Amino acid sequence: MLFLLGAILFSSLFSIIFKLCQKWGISCPQVIFFNYVTAILISWVPVGINLLNGSSTFTDYALEGQSITFAVIQGLLFVLGFSIMDRSVWRSGVALTTVAARASLILPVLLGWMVLSQPAPKWLPVGIVIISMALILLPNENQKHIGVKMSNKTDEQRRKLAILDLACVFLCYGVSDFFLKLSQDSVERNLAAGSSSETQLNALMGFIFLSAGALSLISCIVRGNFKGRPVTIRTIAGGAVLGIGNTLCTSCCLRALERLSTDVFYPLYNIGIVILATVAGVIVFKEKIKWLQYAGIVLAIFAIFLFFK
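Residues numbered from 1 in each chain as written. Predicted model: local features only at pLDDT ≥ 70, side-chain atom pairs only at ≥ 80, totals over all residues. Heavy atoms only, no water.

Q: Outline the overall build of the protein chain, listing residues and values.
A: Looking only at helices and strands, the protein chain features 11 helices and 0 strands. With 309 residues in all, the protein chain has 52% of them scored as buried. (Helix = DSSP H or I, 4+ residues; strand = E, 2+ residues; numbered from the N terminus. Buried < 20%, exposed > 50% of the residue type's maximum accessible area, 1.4 Å probe, protein only.)

Below, the structure written as structure tokens:
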């Protein structure tokens, strides 16, 4: 239960950190890159220490090819997820973006049923309808933006862009949750001789962050995110805070999935994040959520609960 609570707390911080970076004028792509630099250091420095003092060997951290493949895919999904969340938080706010991300649990359930032949929830059709209704209600058609990028957009165009961002958040985080579970399962199935589950999970997490860091750097270079925007102490500090939260969240999720069944972990995890992020959005950032959006949030929470009944 402690790992579940940790996963809820640290995951709730992601959209809040992006909101603060936008408020303070900090480059979010740079923050995402330094987040992975921090996560890589946290993941691999203890491994290096253990190897140097002889308490472990390279074999202990060796992953099977399938696990490495899943780690690379997971790293790509992590980078995409943060980039899309940053954009969606700017357009739709902390609360609504987080609801879309957490409502995406329908996707790992569907993919588990379709790909892994897992039993489908008996309320699956109803849940799909409710999630769809929630996503329709979430975008705020009257959201006003003073940023240059949106100054020439009409309200209808803003709404369409908000819907697109929320849909992308929904898809990316749903697929990411599915691959995180695949990654954890692949490690459990292919434990190296003499290796512990804890050691292998640490190696998996390290490979995920290595691939995410490399992809994030490539993205920043290709998109020119370092041109004309020098790296500042605030950027590095923001990346470090996000990286610590990212590492702790991933670690807590992997270990919670070891100890809790998916029908217990996912509903509590997602509902907890929705509630915390909504409270933070309304109270801390003074986001204006209309009754239609509140109805969407309630429907999303109900669907999350319904999926695991």
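Q: Kindly report on the packing of helix α4 (residues 94-103) against helix α7 (residues 155-189), identifying the contributing residues and their values.
A: Across the interface, α4 lies against α7 with an axial gap of 7 Å and an inter-helix angle of 40 degrees. One element, α4, and the other, α7, form an angle in the oblique class. Crossing of α4 against α7: the hand is right-handed. Contacts between α4 and α7 involve Leu-96, Thr-97, Ala-100, Ala-101, Arg-102 and Ala-103 on the former and, on the latter, Leu-166, Val-169, Phe-170, Tyr-173 and Asp-177. The class makeup of the residues in the contact of α4 with α7 is 8 nonpolar, 1 polar and 2 charged. (Axes fitted to C-alpha atoms, helices over the stretch in contact; angles between N-to-C directions. Parallel < 35°, antiparallel > 145°, perpendicular 65-115°, else oblique. Left-handed = near helix turned anticlockwise from the far one by under 90°. Contact = heavy atoms within 4.5 Å. Nonpolar A, V, L, I, M, F, W, Y, C, P; charged D, E, K, R; others polar.)

Q: Requested: an account of the confidence of the model for the protein chain, with residues and values cited.
A: When pLDDT is averaged along the protein chain, the result is 80; 88% of the residues meet or exceed 70. Put simply, helix α6 (residues 124-137) is where the protein chain has its lowest mean pLDDT, 75, and helix α2 (residues 28-52) is where it has its highest, 88. A low-confidence stretch, residues 141-149 (pLDDT under 50), is modelled with 13 contacts involving residues beyond four sequence positions or located in other chains. (pLDDT = per-residue confidence, 0-100.)

Q: Tell me about the packing of aromatic side chains, and please be specific about residues and values.
A: The relation between two aromatic rings is expressed through the spacing of the ring centres and the mutual angle of the planes. Under the definition given, this model contains 10 aromatic pairs. Between Tyr-36 and Phe-209, the ring centres sit 6.3 Å apart and the planes meet at 45 degrees, which makes this aromatic pair tilted. Within this pair, whereas Tyr-36 is found in helix α2, its partner Phe-209 is found in helix α8 (residues 197-223), the two being separated by 173 residues in sequence. Of the residues examined, Tyr-36 reaches a relative accessible area of 0% and is grouped as buried. Phe-209 gets classed as buried once you look at its relative accessible area, which sits at 0%. Both rings, one in Trp-44 and one in Phe-207, keep their centres 5.5 Å apart while their planes meet at 90 degrees; by these two values the pair is edge-to-face. Here Trp-44 is found in helix α2, whereas its partner Phe-207 is found in helix α8, with 163 residues between them in sequence. What links up through ring pairs into an aromatic cluster is the set Phe-14, Phe-18, Tyr-36, Phe-78, Phe-82 and Phe-209. (Phe/Tyr/Trp six-rings, centres within 6.5 Å; stacked < 30°, edge-to-face > 60°.)

Q: Lay out the environment of Ile-42 in plain terms, naming residues and giving numbers.
A: Examined against the element boundaries, Ile-42 turns out to sit in helix α2. Residue classification places Ile-42 among the partly exposed positions, given a relative accessible area of 35%. Measuring from C-alpha to C-alpha, the distance between Ile-42 and Gly-206 comes to 8.6 Å, with 164 residues separating the pair along the chain. Once residues within four sequence positions are removed from consideration, Ile-42 is found in contact with Gly-243, Ile-244 and Thr-247.

Q: Residue-level account of the side chain of Thr-98, with values.
A: Within the fold, Thr-98 resides in helix α4. Only 3.0 Å separates the side chain of Thr-98 from the side chain of Ser-15, close enough to count as a polar contact. When near neighbours in sequence (up to four residues on either side) are disregarded, Thr-98 contacts Ser-15, Ile-273 and Ala-277. (Polar contact = N/O pair within 3.5 Å; in protein donor to acceptor, adjacent residues only side chain to side chain.)

Q: So what's going on with the nonpolar core? Residues and values would help.
A: In terms of nonpolar packing, the biggest core is built from 61 residues, with Tyr-36, Phe-82, Leu-204, Phe-265 and Tyr-269 touching the most fellow members. Counting residues per element, the ones that place at least two in this core are α1 (2-23), α2, α3 (65-92), α4, α7, α8, α9 (233-259) and α10 (262-284). Those residues in contact with Phe-265 that lie beyond four places of it in its chain are Leu-4, Cys-253, Ala-256, Leu-257 and Leu-260. Core analysis: the second largest hydrophobic core is formed by 21 residues, Leu-96, Val-99, Phe-170 and Ala-303 among them. (Core = buried A, V, L, I, M, F, W, Y, C linked by side-chain atoms within 4.5 Å.)

Q: I'd like a rundown of the state of the cysteines, residues and numbers included.
A: In this structure the tally under the stated criterion is 0 disulfides. Here Cys-252 stays unpaired: no disulfide links it, and the sulfur of Cys-249, its closest cysteine neighbor, is 7.2 Å away. (Disulfide = S-S within 2.5 Å.)

Q: Could you give an account of a nonpolar patch on the surface, naming the residues involved and the relevant values?
A: A cluster of nonpolar side chains, namely Met-1, Leu-5, Val-264 and Leu-268, defines an oily patch on the protein surface of about 370 Å² accessible area. Within the element layout of this structure, Leu-5 appears in helix α1. (Patch = residues over 30% accessible without salt bridge, like charges linked within 9 Å, V, L, I, M, F, W, Y side chains within 5 Å. Areas by Shrake-Rupley, 256 points an atom, 1.4 Å probe, with all protein chains shown as cover. Salt bridge = Lys/Arg side-chain N within 4 Å of Asp/Glu carboxyl O.)

Q: I'd like a description of the pattern of salt bridges, backed by residues and values.
A: Enumeration over the complete set of coordinates arrives at 2 salt bridges. Between Arg-87 and Asp-165 there is a salt bridge, with the nearest N and O atoms lying 2.8 Å from each other. Taken as a pair, Arg-87 in helix α3 and Asp-165 in helix α7 lie far apart in primary sequence, 78 residues in all. Across the pair Asp-165 and Arg-91 runs a salt bridge whose closest N-O atoms are separated by 2.5 Å. Remark: Arg-91 occurs in helix α3 and Asp-165 occurs in helix α7; sequence separation between them is 74 residues. Take Asp-165 and Arg-91: they sit in the same class, and that class is buried. The structure contains a network of salt bridges with shared partners spanning Arg-87, Arg-91 and Asp-165.

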